[in-house]
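Summary of structural features
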Amino acid sequence: MVGLPGYGEAPISISSQPSPDMVDLCIKAAGDLTNALHRLRKGDILWVRGPFGRGFPVEEMKGKDLLFIAGGIGLIPMRSLIKSALSQRKSFGRLTLLYGVKEPGEVLFKKELKEWEKRGVEVNVTIDRPHPQWRGNVGVVTTLIGPCKVDELKTSAVIIGPHVMYKYVILSLGSKKIRGEDIFLSLERRMRCGMGKCGHCQIQSVYVCQEGPVFRLSEIRHLREAI
Amino acid sequence: MMDFITKKGFRNLAQGLIKDYVFYGPVTKDGFPAFSRIEEFSQLKLSQTPSHISAKGFLFPPKETLLRFDIEKGMAEGVADAEKQVLFGLHSCDVHAINLMDRVFSYGKPDVNYLKRRENTIIVGTECVPDEYCFCASIGTMTVDEGFDIFLHGVKGGFIARAGSGRGRSLLKKYASPSKTKRAALKELERLTEKKKTLFKARLDIDDPSLLPLVYSFADGHPVWEKIGAVCYGCGSCNNVCPTCYCFDVRDEVSMDLKKGTRSRVWDGCTLEDFAKVTGGMNFRKTRADRLRHRFNRKFRYLADRFKGLFCVGCGRCSRTCLVKINISEVTNEILRASKERPLAVPAGKSKG
Ligand code: SF4
Ligand code: SF4
Ligand code: FES
């Protein structure tokens, strides 16, 4: 939970490779708190509580191909995982990033995308609708899934994006036959405490702040309200 | 332990506790039973029917400061204020509710604010009579064996006083001159308890309430959610009055000079529109039907496994207070009717969710 006295707190995931000394936080100015965070200057104090909950099982993913599917600012937490994978590049098979945004201006980490490509990530970016300054793929992110070659037995797929995206991505992934245990999603919910008490993040019996935010599709497939 | 105290002993007990502690007990407010600070014995009006608002606020205040911060210095200190207090005149359902709240606030990372206050709270229960909304007998909360310091049952000539803790035993000795309970009084209590069972107008049509989580797990698609969702105001009153609703929001307040401030938690309610809404506008329980289904399931299903118990204690407060007469026992009976038409074939462990 990242906060500022007077503005409260919001759940923010780290966007760098986890490290005890330093983390990157990449935060979109969307509400009171996040706008105030954008006004901070070097030397100002930021308040942090946590970390809470469960992240990606990086160890378990070793030896596998990783298929990252990110929508919009979902690339921010995905970056943390991509960087972890790249720092141990040899431990993973193919790395593929499918990344969809609304318009070209919303593409994040442009430089890094190029760098990741050089270091062996297959990067495919798409924008929702045609745009004069765009020469790449056009269409929602699911359009990138079809052409993508997947070895269903050795692939872990990771999906992070706006809630609306999940249903469609999961449907499209259906044809790739990746097992539910190997599909990971990070769920966004309103959070106030991070400690399984305030009730805001609850999906049925599940507290996203504690048991998530990362879930396997097999864990939440039948959880009404989850996806 | 079953002691007997006379009416005079009762008076001495209450008076002693009023004098020596911050004392909250039942009074009559606008003609209804309510809990309030009591400073004189004459204000105490033991109520046989439930207070409209539960006593949870004395352990989990509607607004409570958690943190004081100094923005300039970049410092914050935790606040956990807890006076020694007495809650007097709680009914069996209320004590059951507190036992559930104890489990919630000590689960995982313990909540110091709640637990400290709980530790400093002396609980004295009293006997009750159901009104048309009470259905504790169907839930198994009509009597209570733990969670109180003293529990009082009115019988001829005085009260049978059960001590539920060492603290309760000493308080009885200190204030109420307890004596051994005569057999006749014990018989009378037994009779009264049997009689109480026959007084309920509201009940759940199920013999074994531990099956309710399973019954509810089949009811997500039941038409009752749309039906009650269509009339619900989304006002949150049911959450406010319920002794086991504990959801909260966290808010900051800053002094006029922007130098100091506090962080507090305030009651929140899952029936309110914004409860599950995130920045950007996505609302995970958009309709009132969604939110009521969530609230009812939280009472009968979602928390049952984790905290080993149903989260409804049958006090009927939510039904009593609802302006559009959404009634929790009637809704549950509608669901039960549907489950009887389509018998439950799936073993308990296989239920989804
Ligand atoms: S008290 Fe009644 S109207 Fe108000 S939110 Fe609860 S169910 Fe809806
Ligand atoms: S849900 Fe209603 S009847 Fe059940 S404990 Fe809460 S207020 Fe009482
Ligand atoms: S954020 Fe409070 S319960 Fe999860």
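Source: prediction; values computed, not measured.

**Thoughts on the overall build of chain A**
Summing up its helical and strand segments, chain A has eight helices and twelve strands in all. Its C-alpha radius of gyration of 18 Å places chain A within 12% of the 17 Å reference for a compact globule of 227 residues. The dimensions of chain A, computed from C-alpha atoms along their principal axes, are 50 × 45 × 35 Å. A buried classification covers 49% of the 227 residues belonging to chain A. Considering only contacts in chain A between residues 6 or more positions apart, those separated by 24 or more positions represent 67%. Per element, the accessible surface of chain A, about 11100 Å² overall, is 54% carbon and sulfur. Positive and negative side-chain charges of chain A, numbering 34 and 23 respectively, have mean locations separated by a distance of 3 Å.

**Remarks on the pattern of salt bridges**
Scanning the entire structure with this criterion turns up 39 salt bridges over all chains. Between B:Lys73 and B:Asp70 there is a salt bridge, with its nearest N and O atoms 3.6 Å apart. Owing to a relative accessible area of 58%, B:Lys73 belongs among the exposed residues under this scheme. For B:Asp70, a relative accessible area of 11% puts it in the buried group. One salt-bridge network, held together by shared partners, links A:Arg224, A:Glu225, B:Asp220, B:Arg285 and B:Arg301.

**Quick notes on the site of ligand 2**
Neighbouring ligand 2 are B:Phe135, B:Cys242, B:Pro243, B:Arg295, B:Lys299, B:Cys312, B:Val313, B:Cys315, B:Gly316, B:Arg317, B:Cys318 and B:Ile328. Along the lines of polarity and charge, the residues of the shell around ligand 2 split into eight nonpolar, one polar and three charged.

**Side note on the site of ligand 1**
Taken together, B:Cys232, B:Tyr233, B:Gly234, B:Cys235, B:Gly236, B:Ser237, B:Cys238, B:Thr271, B:Leu292, B:Cys322, B:Val324 and B:Ile326 make up all the residues around ligand 1. Of the residues belonging to the shell around ligand 1, the class tally is eight nonpolar, four polar and no charged.

**Examining the domain arrangement of chain B**
Residue and element names in this part refer to chain B. Domain parsing of chain B yields domain 1 (2–197) and domain 2 (209–341). For domain 1 versus domain 2, the distance between C-alpha centres works out to 25 Å. Listed as interface residues are 41 residues of domain 1 and, on the opposing side, 43 residues of domain 2. In total, domain 1 and domain 2 occlude about 3800 Å² of area from one another, counting both sides; carbon and sulfur atoms represent 62% of this. Remark: the boundary between domain 1 and domain 2 carries five salt bridges. For Asp111, the salt bridge goes to Arg265, with nearest N and O atoms at 2.9 Å. In this structure, the connection of domain 1 to domain 2 is made through 23 residue pairs in polar contact (both at pLDDT 80 or more). Contributing elements (two or more residues each) for the side of domain 1 that touches domain 2: β4 (63–70), α2 (92–106) and α3 (112–119).

**Focus: the packing of aromatic side chains**
Residue and element names in this part refer to chain B. This structure, assessed with the given rule, holds 18 aromatic pairs over all chains. Taking 5.5 Å as the distance between ring centres and 40° as the angle between the ring planes, the aromatic pair formed by Phe60 and Phe105 counts as tilted. Here Phe60 is found in the loop between β3 (32–37) and β4, whereas its partner Phe105 is found in helix α2, with 45 residues between them in sequence. On the basis of relative accessible area, Phe60 is assigned to the buried category, the value being 1%. For the ring pair Tyr107 and Phe307, a centre distance of 5.1 Å and an interplane angle of 70° mean the geometry is edge-to-face. With Tyr107 in the loop between α2 and α3 and Phe307 in helix α10 (residues 304–307), the pair connects residues that are 200 residues apart, well separated along the chain. Tyr107 gets classed as partly exposed once you look at its relative accessible area, which sits at 37%. The exposure class of Phe307 is buried, given its relative accessible area of 3%. Grouping aromatic residues by their ring pairs yields a cluster made of Phe60, Phe105, Tyr107, Tyr114, Tyr246, Phe248, Trp267, Phe307 and Phe311. Above the face of the Phe248 ring, Arg265 is positioned so that its terminal group lies 5.0 Å from the ring centre. In this structure, Arg298 is placed above the aromatic ring of Tyr246, and the distance from its NZ or CZ to the ring centre is 4.7 Å.

**Some points on the interface of chain A and chain B**
The interface of chain A with chain B comprises 30 residues on the first partner and 38 residues on the second. Together chain A and chain B conceal approximately 2900 Å² of surface at their shared face, both sides included; 53% is due to carbon and sulfur atoms. A:Glu225 is the salt-bridge partner of B:Arg285, the closest N and O atoms lying 3.0 Å from each other. The interface formed by chain A and chain B contains 23 residue pairs in polar contact (both at pLDDT 80 or more). Elements represented by at least two residues in the side of chain A that touches chain B include exactly β2 (8–10) and β11 (206–207) of chain A.

**Observations regarding the sheet that holds β2(A)**
Residues and elements named next belong to chain A. Here three strands make up an open sheet; going across it, the order is β2-β1-β3 and the pairing antiparallel. Lying at the two open borders of the sheet, with one neighbouring strand each, are β2 and β3 (47–48). Bridge count for strand β1 (residues 2–4) against β2 is three bridges, and the pairing is antiparallel. Following the sheet pairing, Leu4 is matched in β2 by Gly8.

**Quick look at the environment of B:Ser339**
All names here are of chain B. Tracing the sequence through the fold places Ser339 in helix α12 (residues 328–341). Residue class for Ser339 comes out buried when judged on its relative accessible area of 9%. For the pair formed by Ser339 and Val215, sequence separation is 124 residues and the distance between their alpha carbons is 6.7 Å.

**Structural notes on the sheet that holds strand β10 (residues 179–180) of chain B**
All names here are of chain B. Strand order in the open sheet formed by eight strands is β3-β2-β6-β7-β8-β9-β1-β10, and the pairing between neighbours is mixed. With partners counted over all chains shown, the strands left at the sheet margins are β3 and β10, one partner each. Examined bridge by bridge, strand β2 (residues 22–29) and β3 share six bridges and lie antiparallel to one another. From the neighbouring strand, Lys29 faces β3, where its bridge partner is Phe32. Sitting on the sheet, helix α4 (residues 166–176) is in contact with β1 (2–6), β7 (121–126), β8 (150–155) and β9 (158–163), with an inclination near 145° to β9.

**As for the pairing of strand β6 (residues 85–90) of chain B**
Residue and element names in this part refer to chain B. Buried residues dominate β6, accounting for six of its six residues. In terms of strand pairing, β2 meets β6 through three bridges, oriented parallel. In the sheet register, Val22 faces β6, and the bridge partner there is Gln85. Pairing geometry for β6 and β7, over five bridges, is parallel. Across the sheet, the residue bridging to Leu90 is Gly125, located in β7.

Cut-offs applied
- Each chain carries its own residue numbering, running from 1 in the written order of its sequence.
- Working convention: letters from A go to chains and numbers from 1 go to ligands, in the order in which they are written.
- The predicted nature of this model means local features are confined to residues of pLDDT at least 70 and side-chain atom pairs, given and counted, to a pLDDT of 80 or more, with totals for whole chains, interfaces and linings taken over all residues.
- Hydrogens are left out, water is left out, and the side-chain values use all remaining heavy atoms of the structure.
- Helix and strand labels come from DSSP, where a helix needs a run of H or I of at least four residues and a strand needs a run of E of at least two; each type is numbered from the N terminus.
- Values of the radius of gyration come from C-alpha atoms, whereas the globule rule sets the reference at 2.2 Å times the count of residues to the power 0.38.
- Residue burial is assigned from relative accessible area. The probe radius is 1.4 Å, only protein chains are included, and a residue is buried under 20% of its type maximum, exposed over 50%, and partly exposed in between.
- Working rule for contacts: check all heavy atoms of both residues, and any pair within 4.5 Å makes them a contact.
- Areas reported here follow the Shrake-Rupley algorithm with a probe of radius 1.4 Å; residue values treat only the protein chains shown as occluding.
- Lys and Arg are tallied as positive, Asp and Glu as negative. Neither His nor the chain termini are counted.
- The atom standing in for a charge is NZ when the residue is Lys, CZ when it is Arg, CG when it is Asp and CD when it is Glu.
- For salt bridges, the criterion is a side-chain nitrogen of Lys or Arg within 4 Å of an Asp or Glu carboxyl oxygen.
- Whether a residue is near a molecule or strand depends on its heavy atoms: if one lies within 4 Å, it is near.
- Each residue is assigned to one class: nonpolar for Ala, Val, Leu, Ile, Met, Phe, Trp, Tyr, Cys and Pro, charged for Asp, Glu, Lys and Arg, and polar for all the others, Gly among them.
- All domain edges in this entry derive from an automatic or database-based domain assignment.
- Buried area is calculated as the accessible area (1.4 Å probe) missing from two parts once they are joined, with the contributions of both summed.
- Whenever a nitrogen or oxygen atom comes within 3.5 Å of another N or O atom, the pair is scored as a polar contact, on the condition that within protein one atom can donate a hydrogen and the other can accept it, and that pairs from neighbouring residues in sequence are kept only if both atoms are in side chains.
- Centres within 6.5 Å are what make two rings of Phe, Tyr or Trp a pair, Trp counting through its six-membered ring; a difference in plane orientation under 30 degrees is then read as stacked, over 60 as edge-to-face, and the rest as tilted.
- Two conditions define a charge sitting above a ring: the NZ of Lys or the CZ of Arg must be within 6 Å of the ring centre, and it must be within 35 degrees of the ring normal.
- Between any two strands, at least two bridges found by DSSP are needed for them to pair.
- Think of each axis as a best-fit line through the C-alpha atoms, taken over the contacting stretch in the case of a helix, with angles from 0 to 180 degrees between the N-to-C directions.

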